[in-house]
Amino acid sequence: MIKIENLSKVYSKEDNKVVALDNINLFIEQGSIFGIIGLSGAGKSSLIRCINRIEEPTTGNILISNVNVSNLSTKRLRNLRKNIGMIFQGFNLLSSKTVFDNIAFPLKLSKVPKTEISKRVNELLELVDLTDKANSYPSQLSGGQKQRVGIARALVSNPNVLLCDEATSALDPKTTKQILDLLKRINKTFGITIILITHEMDVVKEICTHVAILENGQILEAGNTIDVFSTPRQKATQDFVDQLRVLPTSLDKDRIFSLSFTHNSAGKPLISKIIREFEVDINILSGKIEWIQDKPIGKLIVQIKTDMSTLHLIQTFLKENNVKMEVLNYE
Amino acid sequence: MNDIIALIIPSAIETLYMVFISLAFTILLGLPLGITLVVTEKGHILPNRVINFILSYFINITRSLPFVILMVFIIPFTRFLVGTTIGTTAAIVPLVFAATPFFARIVESSINEVDWGVIEASIAMGASPLQIILKALIPEAMSSLVLGVTITIINILGYSAMAGVVGGGGLGDLAVRYGYHRFQTNLMLITVLILVILVQVIQSSGNKIAQAINKK
Ligand SMILES: Nc1ncnc2c1ncn2[C@@H]1O[C@H](COP(=O)(O)OP(=O)(O)OP(=O)(O)O)[C@@H](O)[C@H]1O
Ligand SMILES: [Mg+2]
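Calculation rules
- Here, residues in each chain are numbered from 1, in the same order as that chain's written sequence.
- As they are written, the chains are lettered A onward and the ligands numbered 1 onward, keeping that order.
- For this predicted model, a pLDDT threshold of at least 70 governs which residues receive local features, and a threshold of 80 or more governs which side-chain atom pairs are given and counted, while totals over whole chains, interfaces and linings are taken from all residues.
- Note: side-chain values were computed over all heavy atoms of the structure, leaving out hydrogens and water.
- Note on conventions: DSSP H or I runs of at least 4 residues are helices, E runs of at least 2 residues are strands, and numbering of each starts at the N terminus.
- What a helix is expected to span follows from its residue count: subtract one and scale by 1.5 Å.
- Take the seven residues that end at a residue and the seven that start at it, fit an axis to each, and the angle between those axes is the bend at that residue.
- Excluding any residue in a salt bridge, patches collect residues exceeding 30% relative accessible area, merging like charges within 9 Å and nonpolar Val, Leu, Ile, Met, Phe, Trp and Tyr side chains within 5 Å.
- Note on areas: Shrake-Rupley with a 1.4 Å probe; residue coverage comes only from the protein chains shown.
- Any carboxyl oxygen of Asp or Glu that lies within 4 Å of a side-chain nitrogen of Lys or Arg is treated as forming a salt bridge with it.
- Residue-level confidence of the predictor is summarised by pLDDT, bounded by 0 at the bottom and 100 at the top.
- Nearness is judged by heavy atoms alone; a residue qualifies as near a molecule or strand once a single heavy atom is within 4 Å of it.
- Polar contacts, as counted here, are pairs of nitrogen or oxygen atoms within 3.5 Å of one another; within protein the pair requires one atom able to donate a hydrogen and one able to accept it, and residues that are adjacent in sequence qualify only if both atoms are side-chain atoms.
- Centre distance within 6.5 Å is the pairing criterion for rings of Phe, Tyr and Trp, where only the six-membered ring of Trp is used; planes under 30 degrees apart are then read as stacked, over 60 as edge-to-face, and the remainder as tilted.
- Three labels apply to residues, based on accessible area from a 1.4 Å probe with only protein chains included: buried if under 20% of the type maximum, exposed if over 50%, partly exposed otherwise in between.
- The contact criterion used throughout is that any non-hydrogen atoms of two residues lie within 4.5 Å.
- Take the accessible area each of two parts loses on contact, using a 1.4 Å probe, and add the two losses: that sum is the buried area.
- Any residue outside Ala, Val, Leu, Ile, Met, Phe, Trp, Tyr, Cys, Pro, Asp, Glu, Lys and Arg is labelled polar, Gly included; the first ten of those are nonpolar and the last four are charged.
- In short, DSSP must find at least two bridges between two strands for them to pair.
- Axis definition: a line fitted to C-alpha atoms, over the contacting stretch in the case of helices. Angles run 0 to 180 degrees between N-to-C directions.
- With respect to orientation, any angle under 35 degrees is reported as roughly parallel, any angle over 145 as roughly antiparallel, any angle of 65 to 115 as roughly perpendicular, and every other angle as oblique.
- Handedness of each helix crossing follows the sense of rotation of the near helix against the far helix: counterclockwise by less than a right angle gives left-handed, clockwise gives right-handed.

Draft legend 1. Here's a closer look at helix 1 (residues 2–39) of chain B. The first and last C-alpha atoms of helix 1 of chain B sit 54 Å apart over 38 residues, in line with the 56 Å expected at 1.5 Å per residue. At B:G30, helix 1 of chain B shows its maximal bend, which comes to roughly 25°, and the proline B:P32 appears one to four places after that position.

Here's what the structure looks like:
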């Protein structure tokens, strides 16, 4: 369990001050895959780097399993870091060492006996499916293989937490999928809490159980991934989440609504029912089904030209059927 | 011809002795110095403004003195250290004095070439500053350090010829004494040839070793 309380980070260079994090509060459950998403410069890296104090927080507390990271001595901080794995966008492997020695690196730092190192590293090579590359050097590997080495290295000392800063951003979509599947498997098998930073919505949808949306150093919204994506509470979250909102400008923009179907409602013939029961015309502007955490969320953007009271009835009807109806435009 | 060989062999041994003993001390002193220069910089793993400032200035001052002047300048120190100011062993002191700051700057730039991400990853894994230096920085910079050592050897070889002239012995001294003062052009040419070959061999072995180590 990780608790972040009133965390702020201000970078100051001479008179120049940049507030990268502004009073962040987060609770991250043990065993979850927690995504932090935001645009470039939102403060994502600053946030994840404060967790293992690679970056010093300006104010606030970070508690990992009730240990306050913020005021640990240098020595205890180093020991704590041995229990927090981290993987990087640029992999950050030692180019002078083989795959085996890269994975063994954290154990050598802790002076683990040689035979034990060898046993553990071989286990991890198997886990990330790189046994045949044990004696290769990083320069001889593909991006995906390098990141698998990075993951093996991060896991070799049995950490409770895995921090991933844009772990897949340097990879192509197919390799990204492989790495995400690996992370998911690791999370399931070992119950490791994974905190994952990304600017790609698809990454969050693919594996995150929870998500926080970061903008200008503040959390816009945080919670269960499905809740946040299907029923965003904040306007800004909607803007961020709802890529379907981009409508052609030539369109008649009156009475446009967004309908979100969750797994309880998707699959029922609700639209045709509305057309029949309320005797209205529905113009479907766009639509798609998104899969979040292996569960479908249907998104429809529709135009319903009818009066206010009928619209209210429709909204009530949809709500009863677990569909959220939001007004996108009403002129 | 036999006379020439009889002259050259002991001189060559003197040169090699001067160069490699000086090199050993230069590495011993210059490597920690160069690394300290890097890690005490602001934002690095052991920031310390005072140490960084003092070291940097000390190195700049020693590097700006011409070798001949430096040699004379540190005569009292040489006498204190080895008991004499002439001879091959005495020449080692100014050689180390001149080569160490040079090598330290080379080490500095080699260590600076190491990707910051690697350092950051080591910190994230809980490495101590000493572990970062020994297990990450030095291995990662090794290939570049070997090239630096190669250049330093050649540099010391050049200085050693100068040190020889003022009583250090070695090939440089031989060339000047016999070749220049006694007009034995043959001997001078052979000595120069040996020096040229020596430099070539050192440089190409250095390059080969560096290449073999480089896994980038
Ligand atoms: N070392 C630093 N010194 C000064 N300002 C910094 C430093 N690191 C980050 N910043 C600033 O803090 C803000 C947040 O940066 P951060 O790297 O956390 O963003 P990010 O969300 O990770 O962005 P990206 O997606 O581009 O990686 C930015 O305005 C950035 O310019
Ligand atoms: Mg970032």
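Next comes the rest of the account.
Draft legend 2. Spatial organisation of a nonpolar patch on the surface. There is a patch of nonpolar side chains on the surface, built from B:Y17, B:I21, B:F25, B:L28 and B:L29 and spanning about 480 Å² of accessible area. Its location among the elements puts B:F25 in helix 1.

Draft legend 3. Structural detail: the confidence of the model for chain B. Residue and element names in this part refer to chain B. For chain B, per-residue confidence averages 91 on the pLDDT scale, and residues scoring 70 or more make up 100% of the total. Across chain B, the secondary-structure element scoring lowest on mean pLDDT is helix 8 (residues 171–181), at 80, and the one scoring highest is helix 6 (residues 116–124), at 96. The ipTM, which scores confidence in the relative placement of chains, is 0.89 for this predicted complex, and the corresponding pTM is 0.83.

Draft legend 4. Main features of the site of ligand 1. Residue and element names in this part refer to chain A. Around ligand 1 lies a shell formed by Y11, V18, A20, L39, S40, G41, A42, G43, K44, S45, S46 and E166. A distance of 2.7 Å separates an oxygen atom of ligand 1 from a polar atom in the side chain of K44. A distance of 2.6 Å is found between an oxygen atom of ligand 1 and a side-chain nitrogen or oxygen belonging to S46. Expressed as a share of its isolated accessible area of 630 Å², the protein-covered part of ligand 1 is 59%. Counting residues per element, the ones that place at least two in the shell around ligand 1 are strand 2 (16–28) and helix 1 (44–51).

Draft legend 5. Structural view of the packing of aromatic side chains. Tallying each qualifying case throughout the model produces four aromatic pairs over all chains. Relative to A:F317, the ring of A:F278 lies with its centre 5.9 Å away and its plane at 65°, an arrangement referred to as edge-to-face. With A:F278 in helix 10 (residues 270–278) and A:F317 in helix 11 (residues 308–320), the pair connects residues that are 39 residues apart, well separated along the chain. A relative accessible area of 18% means that A:F278 is categorised as buried. Under the relative-accessibility criterion, A:F317 is labelled buried at 11%. Seen from their ring centres, B:F77 and B:F97 are 5.8 Å apart, and the 70° between their planes marks the pair as edge-to-face. Taken together, the residues B:F77 in helix 4 (residues 75–82) and B:F97 in helix 5 (residues 88–112) connect sequence positions 20 residues apart. Under the relative-accessibility criterion, B:F77 is labelled partly exposed at 37%.

Draft legend 6. Just the interface of chain A and chain B, in detail. Taken together, the contact between chain A and chain B spans 23 residues of the former and 20 residues of the latter. Note on chain A versus chain B: buried area summed over both sides is about 1900 Å², and carbon and sulfur give 59% of it. Contact with chain B buries area across many residues of chain A, yet A:R78, A:S95 and A:L109 alone supply 27% of it, more than any other trio. For the interface between chain A and chain B, the tally reads one salt bridge. The partner of B:E120 in a salt bridge is A:R49, with the nearest N and O atoms 2.9 Å apart. For the side of chain A that touches chain B, the secondary structure elements donating two or more residues are helix 2 (74–81), strand 6 (84–88) and helix 3 (99–109) of chain A. A total of four residues in the side of chain A that touches chain B trace back to one element, the largest contributor, which is helix 3 of chain A. Class assignment of the residues belonging to the side of chain A that touches chain B gives a composition of ten nonpolar, five polar and eight charged.

Draft legend 7. Local environment of helix 8 of chain B. Residues of helix 8 of chain B that are buried: B:L171, B:G172, B:D173, B:L174, B:A175, B:Y178 and B:G179. With its phi angle positive at about 55°, B:F183 sits one or two positions after the end of helix 8 of chain B.

Draft legend 8. Summary view of the sheet that holds strand 3 (residues 33–38) of chain A. All names here are of chain A. Strand order in the open sheet formed by six strands is 6-7-8-3-9-10, with mixed pairing between adjacent strands. The open sheet has two edge strands, strand 6 and strand 10 (218–224), and neither has a second partner. Strand-to-strand twist in this sheet, taken as the mean axis angle between neighbours without regard to direction, amounts to 15°. Across the sheet, helix 6 (residues 173–190) is in contact with strand 3, strand 6, strand 7 (161–165) and strand 8 (193–198); its angle to strand 8 comes to roughly 155°.

Draft legend 9. Expanded view of the sheet that holds strand 1 (residues 2–13) of chain A. Residue and element names in this part refer to chain A. Reading across from one edge, 2-1-4-5 is the order of the four strands in this open sheet, with antiparallel pairing throughout. Each end of this open sheet is capped by a strand with a single partner; those strands are strand 2 and strand 5 (67–68). Sheet analysis places strand 1 next to strand 4 (residues 59–64), joined by five bridges and oriented antiparallel. Residue pairing in the sheet places K3 in a bridge with L63 of strand 4.

Draft legend 10. Layout of the packing of helix 3 of chain A against helix 5 (residues 143–155) of chain A. All names here are of chain A. Where helix 3 meets helix 5, the axes come as close as 7 Å, and the angle between the chain directions of the two elements is 30°. Comparing the axis directions of helix 3 and helix 5 gives the class roughly parallel. Here helix 3 and helix 5 pass one another in a crossing that is right-handed. Here V99, N102, I103 and P106 of helix 3 lie close against helix 5, whose contacting residues are V149, A152 and R153. Taken together, the residues of the contact of helix 3 with helix 5 break down into five nonpolar, one polar and one charged.

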